[in-house]
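Chain by chain, the residues:
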Amino acid sequence: MPLSMDAIDVLHVDDDPALVDLVGTYLERESDAIETMTATSPEEGFDRLAAAEIDCVVSDYEMPEIDGLEFLERVRADHPDLPFILFTGKGSEEIASEAIAAGVTDYIPKGGTEQYTVLAHRIENAVEQHRAKRRAERTERRLRELAREAEDLLWMYSGDWEELLFINRAYEELFDRPVAELRDHPRSFLEAVHPDDRDRVRAVLDRVANGAAEEVEYRVITDGGDVRWVSVQSNPIRDSDGNVVRIVGYTHDVTERKRRERRYEAILENSYQFTGLLEPDGTIIEANEALRSFADADRETLVGTPIWETSWCRGDEDAARTTKRTVERARTGETVRDELRIRGRDESRDGQRETIVDVSVRPVLDDDGDVESLVLEGRDVTGRKDSKQELRQQQAFIEQAIDTLEDVFYVVGGDGELRRWNDRLETVTGYGTDEIAGMQAVEFFPSDHRDRIAEAIATTFETGEVEVTADFETKGGDRIPYEFTGARLTGPDGDVRGLVGVGRDLSERRRRERELERAERRYRATFEDPNLLVARLEPDGTLREVNETALDYVEADHADLVGTPFPETPWWSHSSELQADARAWIDRAADGEYVEYEREHIRPDGDTSVVNGAFRPVTDDRGVVTSIVVSAQDVTERREHERELERYAALTRQSRDVYTVIDADGTITYQSESIEAVLGYAPAEMVGDPVLEYVHPDDREPVADAIATLPDRDDSAAKRLTFRMRHADGTWRWLESVGSNETGTVLDGYVVTSRDVTERKRRERELERTNDRLEEFVRMVSHDLRNPLNVLSGSLDLAAETGDAEHIETCREAADRMEDLIDDLLTLARKGRSVDDLDRVDLAAVAAECWATVETDDATLAVDVDGAIRADRTRLRQLLENLFRNAVEHGTDDPAASEDLTVTVDDRPNGFVVEDDGTGFDVADPSRLVERGISTAERDGGLGLAIVENVVNAHGWELDLAASESNGARFEVTDVGMAKEDS
């Protein structure tokens, strides 16, 4: 039997012993692959099925115990897919129909020997179909595993690759290109593919679009010139009709793996031992340099050749037979090691020599445990002069190979202690070599997983192998999910020495699985967004797909609309103008233009809805439009809201009052334009700020209390509040405000209407000051005029009684005193206001003028002034005249002795001084003398110094009263603006 054909084990059941032997002989003659096993009763057939692996059952129909159909029924109970051929001498259409209905694989009537040829062919066909089905199932499982093992970049396309439905951000890191570019041009990633790989990748895209699952590796060139290797798994997704509607997959950066493969290849090629990779049938797949050199053949010559047909075994039947037998044993899953005498090239002798080679053939199993390839290793042990060195080299090779693995490799002793591990274990766990040495295997796992690991180790020792999922616990305390596969290690005598295993990180696989699930959910969520009307059109405007939200706007089913020109659908058909617009937009989008629109649609209930959307062209990598996506949003409420706001804004723009909308927290959500004229802020500048930030600190509490009551306030009971707010220039303005609750309206907040009352407040304060002066004037008039009036009244009575002229003189003096008091009071009443205009005034000249107008008797004026000041000349004269009069009247106890009094005017850096050398102040606190009505003279009403203080205050100066150096009266005026020479 050729190795290229798999054996077919056939069970033939017939109650005629001679016939079963005859049939077996003919079947094995017709096909080298068929090996027959016989049974003369159904019960014996059941025993055969239980004891051996059978590829096909051939059964007679008429048998003593049960017939062939009943036998078929019982076989199907345990082997539902096993090929079963009914080979019977009793042929009829009824039996054939019944057999087919019962699930028989084939029905063949007995006849001449030519029927044995037919039977053999039918057996081969049935078994081949059965095996093909199993291979397809294995392939499907592998694809699912590939999906789970998907690497970083996840993506989803339409079935024709013309629309990118989803891609994660790993694309930008891997391809070094923006995702936005890929969304606009879904095939633009091909531009990054290496030119030598681009045609191959395009061919893969076409095959996947036609329904084939593909895995491909190719190179990507980044904008920076870096070359990366990627592995791409693509899987088509079909609809219920079998059409490819989407393509999902992942792309993984395998640059590092390729680098390791090159390193592995370098290790392989630089190894001194013969190493090759074989198909299960012994055909060479790969051979390293040592093997090629020894066989004196290049790679092209060796690849595809059975190992026993190479120059090693050519001309040596024993070597060829031994090699072939070794391969046959290895293909059953056994690792075979043997020594072969073969012929190889001898460079030292310029010819060939016979060599003894230590050969091992190790099977490589797939996920189902089937042998998928064989690893051939051999070394020349002819000389074996330094076996220890060779052992060290082999061990180093294995060490390097193991350390190139991405997975964790480990060997655990029979006591559960770690004996061997690769570098990956240290990288993953964070433990160093010295720390790992001597650690128990369970110590690498968290406490809640240690029992599971201990049980898995015990199971491996008992059964030979195990798979378990658990978390690695790193040195830093992190947990990493891993899948562990372990196999038992035994000694030469079969005693358990430990176990060897591999751990695979599940983190990325689980993350990719979640990403794929999320990608699908995102795609569906986007298309079925309840807030969006979405449709997909052909470039000619034919509707291909529409979401449920859009269907709510029409009275039609999805199936009724698909295939209809979009302008003729109910969304547009109620208006010929709308249809014309839709056709124009489709034409523009088909030309590659992104078209935005806003139109009204009539809903089934007759209401009109305003939708805002766009016709977006979807193009391929050549820029050809392949479809049009229409998406829109119902903006009816938004447009109505905007119209209401615009009407409100128009009203506020016509008003000088300030309109402010705040929320329940007092944050400004709207500010009318009039705020700029009142407080100097742009409206947008205040929006988002708490209104209390602009309120004067002394007024914030009542304003905050007023805001707190707005939600419960009845507008009929609204109260006005007056408070200060900060102007943009830092000053404070007075506002009078009233609030109303407008939360249920388009304004959706609390509206505060404010008016600038700063000028009114100023007038009120001025009026208060005027009233205060009038009240004081009345009080002083009533108080200060009472005494002279009493003197005048009494003197008049005495003059009338006595006729004495002296009393008339007293009356005249009282009247003069009253006139002086009235003049001073009028001065206070009229001149108490502030000074607005200041002039340059020569202080020495004004002092001389004032001295000349005051009755100074024989007193002397001394002026020591150099310069001018800035003042109101008239008010300055009032100040100096009153100070001079005060000095003369109060500076001496006897007015007749005034010739001894000197009044001095002297300047200071920031003001001037008026002082005398008289008797000084006779009160404890001189500063009280400036109060109105306070005086130390009998004839003085106490207004002169009050007038002095008013003049000082009106200018913004400061006045200080103190004794002079000669103990007289000293009046110092400071903070006076000094005039420059040229001013």
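Shown above is the structure to which this text applies.
Note that this is a predicted model, so its numbers are computed, not measured.

Helix and strand counts for the protein chain stand at 30 helices and 38 strands. In the protein chain, of all internal contacts separated by at least 6 residues, the share reaching a separation of at least 24 is 51%. Surface exposure of the protein chain reaches about 52,000 Å², of which carbon and sulfur atoms provide 44%.

With 33 residues, the main nonpolar core has L876, L880, F884, F912 and W957 as its most contacted residues. Among the elements that line this core, the one with the most residues is helix α29 (residues 873-890), at 7 residues. Discounting residues that sit within four places of it in the chain, L880 has contacts with L843, V846, A847, C850, F912 and V914. Of all hydrophobic cores here, the second largest spans 27 residues; its members include L164, I167, F175 and I247.

Once that is clear, we can look at the packing of aromatic side chains. Evaluation of the coordinates by the stated rule reveals 29 aromatic pairs. Pairing W155 with W161 gives two aromatic rings, centres 5.7 Å apart and planes at 45°, and the pair type is tilted. With a relative accessible area of 3%, W161 lands in the buried category. Aromatic side chains W572 and Y597 sit 5.9 Å apart centroid to centroid with 55° between the ring planes, which places their arrangement in the tilted category. Placement of the pair is W572 in the loop between α19 (558-561) and α20 (576-590) and Y597 in strand β23 (residues 595-602), with a sequence separation of 25 residues. Grouping aromatic residues by their ring pairs yields a cluster made of Y410, Y431, F444, F445, F472, Y482 and F484. Directly above the aromatic system of Y553 lies the positively charged group of R603, at a separation of 3.9 Å from the ring centroid.

Two modes of strand pairing occur in sheets, parallel and antiparallel, and in both the strands are linked by backbone hydrogen bonds. Pairing in this open sheet of 5 strands is parallel, and the strands run β2-β1-β3-β4-β5 from one edge to the other. Single-partner strands in this sheet number two, and they are β2 (34-39) and β5 (106-109). Within this sheet the neighbouring strands show an average axis-to-axis angle of 20°, counted without direction. Direction of pairing for strand β1 (residues 8-13) relative to strand β3 (residues 56-59): parallel, over a ladder of 4 bridges. Paired with V10 across the bridge in β3 is C56. Where helix α1 (residues 17-30) meets the sheet, its contacts fall on β1, β2 and β4 (84-88), and the angle it forms with β2 comes to roughly 175°.

Right, let's talk about the pattern of salt bridges for a bit. As enumerated under the stated definition, the model contains 47 salt bridges in all. K133 is the salt-bridge partner of D81, the closest N and O atoms lying 3.9 Å from each other. Of this pair, D81 sits in the loop between α3 (68-78) and β4 while K133 sits in helix α5 (residues 114-148), placing them 52 residues apart in sequence. By relative accessible area, D81 is classed as partly exposed at 43%. You can call K133 partly exposed: its relative accessible area is 44%. The residue R877 makes a salt bridge to E881 at a minimum N-O spacing of 3.2 Å. Highlighted residues: R877 and E881, both in helix α29, separated by 4 residues, approximately one helical turn. Overall, E881 belongs to the buried group, its relative accessible area being 18%. A cluster of three or more residues bridged by salt bridges with shared partners is formed by E849, R873, R877 and E881.

Each value, and the rule that gives it
- Residues numbered from 1 in each chain as written.
- Predicted model: local features only at pLDDT ≥ 70, side-chain atom pairs only at ≥ 80, totals over all residues.
- Heavy atoms only, no water.
- Helix = DSSP H or I, 4+ residues; strand = E, 2+ residues; numbered from the N terminus.
- Contact = heavy atoms within 4.5 Å.
- Areas by Shrake-Rupley, 256 points an atom, 1.4 Å probe, with all protein chains shown as cover.
- Core = buried A, V, L, I, M, F, W, Y, C linked by side-chain atoms within 4.5 Å.
- Buried < 20%, exposed > 50% of the residue type's maximum accessible area, 1.4 Å probe, protein only.
- Phe/Tyr/Trp six-rings, centres within 6.5 Å; stacked < 30°, edge-to-face > 60°.
- Lys NZ or Arg CZ within 6 Å of the ring centre and 35° of its normal.
- Pairing = 2+ DSSP bridges.
- Axes fitted to C-alpha atoms, helices over the stretch in contact; angles between N-to-C directions.
- Salt bridge = Lys/Arg side-chain N within 4 Å of Asp/Glu carboxyl O.

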